[in-house]
Amino acid sequence: MEDLLICRCEGVCLAKILQSINEGATSVQGVKKRTRAGMGYCQGRTCQPILRDLLKEKVGTNSITQLQKAQAPVRPIRLGDL
Amino acid sequence: MKQKVVVIGAGIIGTAVAYYLSKQNVEVILVEAKDIAAGTSGACDKAIMLQSKKVGPALDLAIQSAMIYKELEQELQQDLEYHNGGGMILIENQLELNVLQERVKQQQAVGLKVKLLSGEEIRRKNPHISKNILAATWCEEDAEINPMHTAFAFAKAAYKNNVQIHLHSEVVELIIRNNQIQGVQTTNGAIYADSVILCSGVWTKHLLNTIDLDIPIKPRKGVILVTEKLPRMIDCNILSGAYLAAKLQIDNDPSTVGVGLAISQTKSGTLLIGGSREFVGFDPTVKGEIIRAIAKRAVAAFPILEHTNLIRSFAGFRPHTPDNLPILSDIPSIHGLFIAAGHEGDGVALAPITGQLAAKLVTRQNIDVDLTPYRFDRFSTNTVS
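Note that this is a predicted model, so its numbers are computed, not measured. Each chain has its residues counted from 1, following the order in which its sequence is written. For naming, the first written chain is A and the first written ligand is 1, with later ones following in the order written. Since the coordinates come from a predicted model, pLDDT governs what is reported: local features require at least 70, and pairs of side-chain atoms require 80 or more to be given and counted, while whole-chain, interface and lining totals use all residues.

1. Let's talk about the overall build of chain B
Thought 1: In terms of regular secondary structure, chain B is built from 9 helices and 19 strands.
Thought 2: Each radius of gyration reported is based on C-alpha atoms, and the globular scaling rule is 2.2 Å times the count of residues to the power 0.38. In terms of overall dimensions, chain B is globule-like: its C-alpha atoms have a radius of gyration of 21 Å, near the 21 Å expected for 385 residues.
Thought 3: Expressed along its principal axes, the backbone C-alpha trace of chain B runs to roughly 65 × 45 × 40 Å.
Thought 4: Across the 385 residues of chain B, 53% fall into the buried class.
Thought 5: Remark: residues whose backbone-derived C-beta atoms lie within 7 Å of one another are considered to be in contact. Partitioning the intrachain contacts of chain B with sequence separation of at least 6 by distance along the chain shows that 74% fall at a separation of at least 24. For the purposes of this entry, the term helix denotes a DSSP run of H or I that reaches at least four residues, the term strand denotes a run of E that reaches at least two, and both are numbered from the N terminus. Buried residues are those with 20 or more other C-beta atoms within 10 Å of their own C-beta, exposed residues have 12 or fewer, and partly exposed residues lie in between; C-beta atoms are placed from the backbone.

2. Focus on the interface of chain B and chain A
Thought 1: Tallying the contact residues gives 26 residues for chain B and 18 residues for chain A.
Thought 2: When contributions to the side of chain B that touches chain A are tallied by element, the ones reaching two or more residues are α5 (147–160), α8 (288–301) and β17 (309–320) of chain B.
Thought 3: Only Asp, Glu, Lys and Arg are considered charged, only Ala, Val, Leu, Ile, Met, Phe, Trp, Tyr, Cys and Pro nonpolar, and every remaining residue, Gly among them, polar. Of the residues in the side of chain B that touches chain A, the class split is 14 nonpolar, 7 polar and 5 charged.
Thought 4: The pairing of strand β3 (residues 77–78) of chain A with β17(B) spans 2 bridges and is antiparallel. By the bridge assignment, A:I77 is partnered in β17(B) with B:L310. Two strands qualify as a pair provided DSSP detects at least 2 bridges between them.

3. A few points about the sheet that holds strand β10 (residues 180–186) of chain B
Residue and element names in this part refer to chain B.
Thought 1: Taken together, the 3 strands give an open sheet; going across it, the order is β9-β10-β11, and neighbouring strands pair in antiparallel fashion. Whereas interior strands pair on both sides, the edge strands pair on one side only; in this sheet they are β9 (171–177) and β11 (189–192). Adjacent strand axes in the sheet meet at a mean angle of 25 degrees, parallel and antiparallel pairs treated alike.
Thought 2: As judged from the 4 bridges shared by β10 and β11, these two strands associate in the antiparallel manner. Among the inter-strand pairings, T186 is bridged to a residue of β11, identified as G189. Interaxial angles span 0 to 180 degrees and are taken between N-to-C directions of axes, which are lines fitted to C-alpha atoms, for helices over the stretch in contact.

4. Re the sheet that holds strand β18 (residues 327–330) of chain B
All names here are of chain B.
Thought 1: Read from one edge to the other, the open sheet built from 6 strands follows the order β8-β2-β1-β12-β19-β18, with strand pairing classed as mixed. Only two strands of the sheet have a single partner each, and these edge strands are β8 (164–166) and β18. Taking the axes of each pair of neighbouring strands and ignoring which way they run, one obtains an average angle of 15 degrees across the sheet.
Thought 2: With 4 bridges joining them, strand β1 (residues 3–8) and strand β12 (residues 195–198) adopt parallel strand pairing. Looking at the pairing, V6 lines up with V196 of β12.

5. Regarding α5(B)
Thought 1: Under the 1.5 Å per step criterion, the end-to-end length of α5(B) is 20 Å for 14 residues, consistent within 8% with the ideal 20 Å.
Thought 2: In terms of burial, α5(B) is largely enclosed, as 11 of its 14 residues are buried.
Thought 3: Next to the buried residues of α5(B) lie α2 (28–35) of chain A together with α1 (12–22), β2 (26–31), α2 (57–76), β8 and α9 (347–362) of chain B. Each helix should span, by expectation, one fewer than its residue count multiplied by 1.5 Å.

6. Notes on α2(B)
Residue and element names in this part refer to chain B.
Thought 1: Its 20 residues place the ends of α2 27 Å apart at the C-alpha level, agreeing with the 28 Å of an ideal helix rising 1.5 Å per residue.
Thought 2: Considered for burial, the residues of α2 that qualify are A58, L61, A62, S65, A66, Y69 and L72.
Thought 3: Buried residues belonging to α2 abut β3 (47–48), β7 (143–144) and α9.
Thought 4: Phi turns positive one or two residues past the end of α2, at Q77, with a value near 60 degrees.

7. Section: the environment of B:L72
Residues and elements named next belong to chain B.
Thought 1: Inspection of the secondary structure assignment puts L72 in helix α2.
Thought 2: Judged by the 21 C-beta atoms lying within 10 Å of it, L72 falls in the buried class.
Thought 3: Distance from L72 to V7, taken between C-alpha atoms, is 21 Å for residues 65 residues apart in sequence.
Thought 4: Those residues in contact with L72 that lie beyond four places of it in its chain are L80, Y82 and P352.

8. A word on the packing of α1(B) against α5(B)
All names here are of chain B.
Thought 1: With their axes 8 Å apart at the nearest point, α1 and α5 run at an angle of 30 degrees to one another. With respect to α5, the element α1 is oriented roughly parallel. At the point where α1 passes α5, the crossing takes the left-handed sense. Touching I12, T15, A16, A18, Y19 and S22 of α1 are P147, T150, A151, F154, A155, A157 and A158, all from α5.
Thought 2: Looking at the contact of α1 with α5 residue by residue, the class counts come to 10 nonpolar, 3 polar and no charged. Just so you know how the angles are binned, under 35 degrees is roughly parallel, over 145 roughly antiparallel, 65 to 115 roughly perpendicular, and the rest oblique. The handedness criterion is simple: a crossing whose near helix is rotated anticlockwise from the far helix by less than a right angle is left-handed, and one whose near helix is rotated clockwise is right-handed.

Functional significance is not addressed by these values, which are geometric in nature.
And the structure:
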């Protein structure tokens, strides 16, 4: 269970996520900055809801306020196309 | 009884100050409104660049700080992704060449290992650099670090040295009696202390305003692009001459956006591509035209990036001061109140030396550096009228 992959883009497992919450992370941003979960190619599109659920369960934070800041681009775009 | 010190702000500056204070014989409490590296220190690039600093106090401090960084991973026993790979400033035209040639001479005169390289020489160092780049300056002393790792590492090391860390505790009031600091009122209650040091970067002005003091720190927004992971293609810090000009421009006109290239590759393989400089208050919106302008400059300098995917952009607010120097000082009108803020884009480079000097300042030890250029009262408008 501990080696369950949560963020595929950055290869972050459940144990690391739980450890970051233990070390004081109370938000998706906080988990991200401590573990790199959500920093990869898909920008947390898959793992962010899982992180939100984990945070709700472990620290009881409100999942609505847990959204990662939306930043351009919405999907990857080639630098040459900009 | 031990001196008790409250450090406000857990960015790279506040965590560094808390860590170096923890090595003194004092009790330290680090108070942070959000989380470690949740503000400017989590929205910046990773350069420890010396050659981008003006000869004088800025370069003097940066050189001392760079020395500390060399040993910091060992001291903190943590991986900070430190890499002493050097740095270059790309020169695109004759005008930039003239300006930077002069600058290199001044920097060489104070002992910095910086020199000019021809276009051919820089393309031998990095074959991806466009043929249109005329020349570059090269400094082997430039280095890189992961600023988030560094802030977390300082905080962890401070915690091990018995610093109390209060996250999600916003300071709402500075408690002062008879011009002596008594502590801070936070959203989680009061903390009493003998000394308080403000390491709250762009948010420092707001706190000082609550006690009728002012400070000319303004948020200067910088946008950075993040690409997909690439095989190692950039091994050093790279700036464009235009970036340096944008950084040092005195023009405070809010309609002016300075854009120049600052590019480096993280250990994970992504490229961090900056950047812009603009005064728009705390508006975090990243505008399409700024992303486009930065991307254009990146592709112009590194044509190979044309097919590279951009995956994210972010904006950070750098604490700008009118003379581009940080404030590291006591606040003369309030005994026991100190400040270490206003580093703008040099906070990463200057964090260790700021931490060391601040720890000595707060504990009233002798300091062998002249702190006059960093004094709080060097600005004429410290009092709100």
